[in-house]
Structures are given as C-alpha cells and as structure tokens.
Amino acid sequence: MRNFSPTNKQRTGGAATTVAALFAVGSLVGAGVVLALQAAVTPTHAWAQQQAKEEKDASKEDRAVRLLRRMVLAEMRKAFVAREATLNADGRGTEQWVKRDPRRGIRRESIRPPGMIWIDNYRRSYRINTRENRVVESDSLLPRPDGARVQEFLHRFTGQLITPEVVGEDRVAGRSAHIVAVTGPATVRRFWIDKKTGLRLKTEEYNRSGKLLSSSSYSSVDLSPKFTEEDFRPPPDMRVVKDNRRRFDSLQAAEKAGVKVARPRWVPAGYGLRNVEALRDGRSVTLRYTNGIDVLSLTQFAPDKAPPHLRKRVEKEGSSFLPFPRGQRGYVWRDGERTFLLISSLSDDQVRRVAESLP
Amino acid sequence: MATMLDCRRVQPLLSEYVDGALSEETAWDVKMHVASCAVCQRVADDFAGTAELLGGLAHVEPSANFESVLAARLADLSVKPHRPSLREQVSEWWYARGSVGRPALASAAAFAFVVPLIMVTLTLRQGAVDAVNGTAVVKQSNAAASPASDAEALERLYDDHAAYSSSLLLGDSSAVLTPADSRL
C-alpha cells in the first residue's frame, strides 16, 4: 500500500514556502504601514522649507542679539580710550577723544572743532564749552552698569518690531569686527562689534530708504588706559549753568509732583514712555517715548509760553512741519491755548495720529 | 514755510540769510536746509566770507560840498596859527608839573587804577568759586527760560531730543557733541 503521507522532506519544503509567503506578505504590509505613517507625520516640502528657514533666521537673530548684548555689556564694563571720527549727512563732522572708565563714567572731548567736552559720571552730566568758560550741568544720561536696562533692551527684540541680524564682517581700527544691523520701523542702525572685546568700533545710521544719516568710527583704541580723577570732573573756575528741569521715570511720578500734562492715547506700536521732563518754571513739559532705537519727544507748552517762532507758525498755518538734522522732523500744532511740538522720525500719518489722540 | 526748502528756493535767499535780514521763520528753514546740503552750505560760506571781507573795508564817500570845504580849510590853514593837538596840550601840562609833581601825580593815578582793578578781579574770582561750589549758579532752562534767541530755544529742544537718543543703549553717544556744539 502506497503511503500518501508526506515525507519529511516534503513537510519541510511546504513549511518553508508558507513562512516565505507570510514573510513577504508581512513585509509588504509593514512597508505599507510605515509609508502610511511617514506620510501622516511628514510635512509638505514647502512647509518644511519654511520651517527650516525660520529656524535658521531665529538662530541668526539669536546670534545677533547675543552680539548686541555683549556689546552693551562691554561698553559698561571695559575701560578704553579711543579716537573717533564722526560724519553727518550734511558733510559736517567732528573728531573726538572717548575715555570710558566703568567706575567713573565717560568723557568725550572734541578735537576738531575744539572747545567742547562732555563728561558724565553716572551722577551728573556736564556739557563744557571751554571757549565760553561755561559748564551746563544736568542729571546723568548714562545707564548704570547694573544690567537691568540690558534685560529691558533685550525684550525689545521679542515683539519683532525691531530685528537684529548679523550681516557680515569687517576690520575697523585694525581690529576684526562682526557687523550687526538693527532694523526698526524708521531707522536702520549698523554696529561694528569687536570680535575680541565686544566693544562697538563703528556705528552707522540710515533711514528706511537707505540714506546714510550719520557715521562714527574709531580710528584707534587703547585697552590699557590710565585715567585721572580730573578726566571725569568739570574744570575748575568755570561758570556753572544748571538746567531747571525735573525728570521723572513715569507719568504717575510726575503727576504726584504736581506736573500736569496731556498724554497721547496713541503712539506707534513698540514705543513706551521712558521719561518726563518738566521745567521748574512751568513753561513746558516733555514726554519722551522710545522703541529702543528711535525717540519721540512730545513737548507741551503752557499758554503763551511756546517760543515765538513756533507760535507764529501755528498762528499762520494751524500746524506745521519743521526740518531738524539727522532725519528728524518737528511737527507743531495748537489745541486751544496749548501749543505742542513733536520731534521724531515718524511718518506724516503717524505724527498726525499722535496729535489727534491727545485729550 | 511749512515744508523743507529745496536748493532752488534757498539759494536766492542765502545772501539775505548771511546778512541776518530774513524773518526768523524763513531763517530757520534756510538754516536747516544749509545744515543738510553741502552745496548750499558752500555758497553760504562764500557769501559769509565776502560779507566779512567787505565789512573789514572802510567806507569812504566824499560829501557833496567836499571841494568847497577843502578849499576853505586850506585857506584857513594858510592864515591861522598852528593849534596844538590834545596830545601836545597834555604833554605841555605834564611837564609843567616839575620834577616833584610828576612822580606824585603818577603814583596817585596808578593807585586809583590798580585798586579798583584788584577789587573787580577778586569779586569775579569769588563768583567763579561760588559757582563751582554750587552756591551761586546761574539757573537756566535748557528749553525756553531766557534763551539768547528764539532759534536758540528751538535748537535746545532738538539738542535735548538728540541727547536723549544718544543715551539709549543702542544710541550713538558721539551725537552729544555733534548736533549743537559743532555750530558753536
């Protein structure tokens, strides 16, 4: 009798075929599942490109902010003496000695044209005219080297209204520098930042249409300077003229001290009130707003206390634009008995909108 | 003028601008244009140089009756005796004092001159010391208290704006000496 039962060889061959078939099917299904999953989680090509670009931009911006932060801190913490040449769009320029001592403050002395010195020792600021033997003394303008303003300055970049970007490298005063461009709504400022020390070696300012407004550049830098106390004091035997302004950090502080001032309900995005200056004789109050690189100064004059030049303009024309240097413009207008002057680099529409928003 | 002037409108005004003959309002507009325009600035500098040169020359113009007056004076000189000049009169008076009176008079004059001079010098010096000590400072508004001129008040308002801009962390502090002070 023939045995139809499979031989061992036949049994083994059939099982192998089945396993191979199952393996092939499993592989196909697995590959399909993997592809399906990949398709589900993989973004489209354009979106991926956009994301990669944004990540790259963010990384570039982070680098620019890091460089700017280093620059600001270096200016507060490093001692140096530099010779600096400045040039304005009108072709006029100065040459100055810059002495910076983190402990004592800053001294700028004009070499050409001679006769002007500015000293700020963190407590008082002195503008000295040696030809007229006169010192104008006021509150310090310098930020204290405590880092608080640096943090605040870094927050300026979070709103995307001001964008910093590393745009290249260069050499200034024989030193290698990164170039960082900071673009604001009205102004573009470029900084040449020393790679070794973080010090600012050169600054250029442009308006948004690309016109160069000013340039200041170090021609030499001494990083091991020696200072004397006299460097940061006004010379003796000079006529001291004190300004009669009171400064306040907020409108509330000014109002608490009895200063009455109208505050605009609208200023362009990014601008914040930084300072209120009131003349002691009550003739005018100035509000200063800034977005970190541009300043908007709004002065409100008491009735009949505006300079006659401004009064004549508003009496004749109601409101009027005045030209000022370095791309700044004044806008003067009258509301009842009050006369206002706004100095800024804002557009016409923005200026009028600020004016119309005053109560 | 409400808007910024251009070169074509400014240049005809430059001569009057240099002479200070424009209204304050127009002068300001011209000044701001000149500050931002190298061409007009050069023309204004040329006018200013010419004006300065002309100002240094003596203005001589003969009167209508120059010739007749000259003739009369010549005639007078021919008949009148020599009249001593003031210097000659003083000299004569001085030497008439004699060798005793002259030194005495000189000492008295020197005393009368030197004492007030010393007093004035001491007063001014004390004033300067007081000023540095903050005891007798001149108070002045940086904006409008008692400006030397209207334009100066406006310039100070701008200078304060520029000084604040330059004090920003991303500001350019070279501008503290640039805007107003380079005009001095």
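Residues numbered from 1 in each chain as written. Chains lettered and ligands numbered in written order. Predicted model: local features only at pLDDT ≥ 70, side-chain atom pairs only at ≥ 80, totals over all residues. Heavy atoms only, no water.

Q: For this particular structure, what's the right way to read the packing of aromatic side chains?
A: Think of a pair of aromatic rings as described by two things: how far the centres are apart, and how the planes are tilted against each other in angle. Residue and element names in this part refer to chain A. All chains considered together, the criterion is met by seven aromatic pairs over all chains. With a centroid separation of 4.7 Å and an interplanar angle of 40 degrees, the aromatic rings of Phe 321 and Tyr 331 are classed as tilted. Of this pair, Phe 321 sits in strand β17 (residues 319-323) while Tyr 331 sits in strand β18 (residues 329-335), placing them ten residues apart in sequence. Each member of the pair, Phe 321 together with Tyr 331, is buried. Members of the aromatic cluster, joined through ring pairs, are Phe 321, Tyr 331, Trp 333 and Phe 340. Of note, Arg 83 hangs over the ring of Trp 97, and the distance from its end group to the ring centre comes to 5.2 Å. Against the face of Trp 192 rests Lys 202, its NZ or CZ located 4.6 Å from the ring centre. (Phe/Tyr/Trp six-rings, centres within 6.5 Å; stacked < 30°, edge-to-face > 60°. Helix = DSSP H or I, 4+ residues; strand = E, 2+ residues; numbered from the N terminus. Buried < 20%, exposed > 50% of the residue type's maximum accessible area, 1.4 Å probe, protein only. Lys NZ or Arg CZ within 6 Å of the ring centre and 35° of its normal.)

Q: Hey, could you run me through the side chain of Thr 203 of chain A in this one?
A: Mapped onto the secondary structure, Thr 203 of chain A falls in strand β10 (residues 200-207). Of the residues examined, Thr 203 of chain A reaches a relative accessible area of 3% and is grouped as buried. Here Arg 200 of chain A takes part through its side chain, which lies 3.3 Å from a polar atom of the side chain of Thr 203 of chain A. When sequence neighbours within four positions are dropped, the list of residues in contact with Thr 203 of chain A reads Arg 189, Arg 190, Phe 191, Ser 214, Ser 215 and Ser 216 of chain A together with Asp 172 of chain B. (Polar contact = N/O pair within 3.5 Å; in protein donor to acceptor, adjacent residues only side chain to side chain. Contact = heavy atoms within 4.5 Å.)

Q: When you look at the nonpolar core in this model, what are you seeing that I'm missing?
A: Across soluble globular proteins, you tend to see nonpolar side chains buried next to one another. Counting 26 residues, the largest nonpolar core has Val 276, Leu 287, Tyr 289, Leu 298, Tyr 331, Trp 333 and Leu 342 of chain A as its most contacted members. Setting aside anything within four residues of it in sequence, one finds Trp 333 of chain A in contact with Leu 298, Val 314, Gly 318, Ser 319, Arg 338, Thr 339, Phe 340, Leu 342, Ala 355 and Leu 358 of chain A. (Core = buried A, V, L, I, M, F, W, Y, C linked by side-chain atoms within 4.5 Å.)

Q: I would appreciate a short explanation of the sheet that holds strand β19 (residues 338-344) of chain A in the present structure.
A: All names here are of chain A. Taken in spatial order, the seven strands of this open sheet run β13-β14-β15-β16-β19-β18-β17, and their pairing is antiparallel. The strands lining the two open edges of the sheet, one partner per strand, are β13 (245-248) and β17. Adjacent strand axes in the sheet meet at a mean angle of 20 degrees when their direction is disregarded. With seven bridges joining them, β18 and β19 adopt antiparallel strand pairing. Across the sheet, residue Arg 329 finds its bridge partner in β19, namely Ser 344. Contacts from helix α6 (residues 348-356) reach β17, β18 and β19, with the element oriented near 30 degrees to β18. (Pairing = 2+ DSSP bridges. Axes fitted to C-alpha atoms, helices over the stretch in contact; angles between N-to-C directions.)

Q: Got a minute to help me understand the interface of chain B and chain A in this structure?
A: How big an interface is tends to be stated in terms of accessible area lost as the parts join. With 51 residues of chain B at the contact, the number on the chain A side is 80 residues. Overall, the association of chain B and chain A removes approximately 5,900 Å² of surface from exposure, summing both partners, and the carbon and sulfur fraction of that is 60%. The tally of links from chain B across to chain A stands at two salt bridges. One salt bridge in this structure joins Arg 245 of chain A and Asp 160 of chain B, with 2.9 Å as the shortest N-O distance. The interface formed by chain B and chain A includes ten residue pairs in polar contact (both at pLDDT 80 or more). At the level of elements, α3 (24-36), α4 (38-55), α7 (98-133), β1 (138-140) and α8 (150-166) of chain B are the ones that each hand at least two residues to the side of chain B that touches chain A. Top contributing element to the side of chain B that touches chain A by residue count: α8 of chain B, with ten residues. Across the side of chain B that touches chain A, the residue classes break down as 30 nonpolar, 13 polar and eight charged. (Buried area = accessible area lost by both parts, 1.4 Å probe. Salt bridge = Lys/Arg side-chain N within 4 Å of Asp/Glu carboxyl O. Nonpolar A, V, L, I, M, F, W, Y, C, P; charged D, E, K, R; others polar.)

Q: Honestly, the pattern of salt bridges in this entry has me stumped. Any pointers?
A: Where side chains of opposite charge bring their charged atoms close, a pairing between them can arise. Summed over the entire model, instances satisfying the criterion amount to 26 salt bridges over all chains. A salt bridge links Glu 132 of chain A to Arg 134 of chain A; its shortest N-O distance comes to 2.8 Å. For Glu 132 of chain A, a relative accessible area of 43% corresponds to the partly exposed category. The exposure class of Arg 134 of chain A is buried, given its relative accessible area of 16%. Glu 230 of chain A is the partner of Arg 233 of chain A in a salt bridge, and the nearest nitrogen-oxygen pair spans 3.4 Å. A relative accessible area of 46% places Arg 233 of chain A in the partly exposed class. Beyond isolated ion pairs, a larger network of salt bridges with shared partners links Arg 124, Glu 137, Asp 139, Arg 245, Arg 247, Glu 277 and Arg 288 of chain A together with Asp 160 of chain B.

Q: Would you take a moment to explain the confidence of the model for chain B for this structure?
A: For any part of a model where pLDDT is low, the fine detail of the predicted coordinates should not be relied upon. All names here are of chain B. When pLDDT is averaged along chain B, the result is 70, and 67% of the positions lie at 70 or above. Averaged pLDDT values over the elements of chain B bottom out at 40 in β1 and peak at 84 in helix α2 (residues 14-19). pLDDT under 50 marks residues 126-148. Its contacts with residues more than four places away, or in other chains, come to 45 contacts. This stretch, residues 179-184, has a pLDDT under 50; its non-local contacts, to residues over four places away or in other chains, come to 17 contacts. For this predicted complex, the interface score ipTM comes out at 0.78, alongside a pTM of 0.64. (pLDDT = per-residue confidence, 0-100.)

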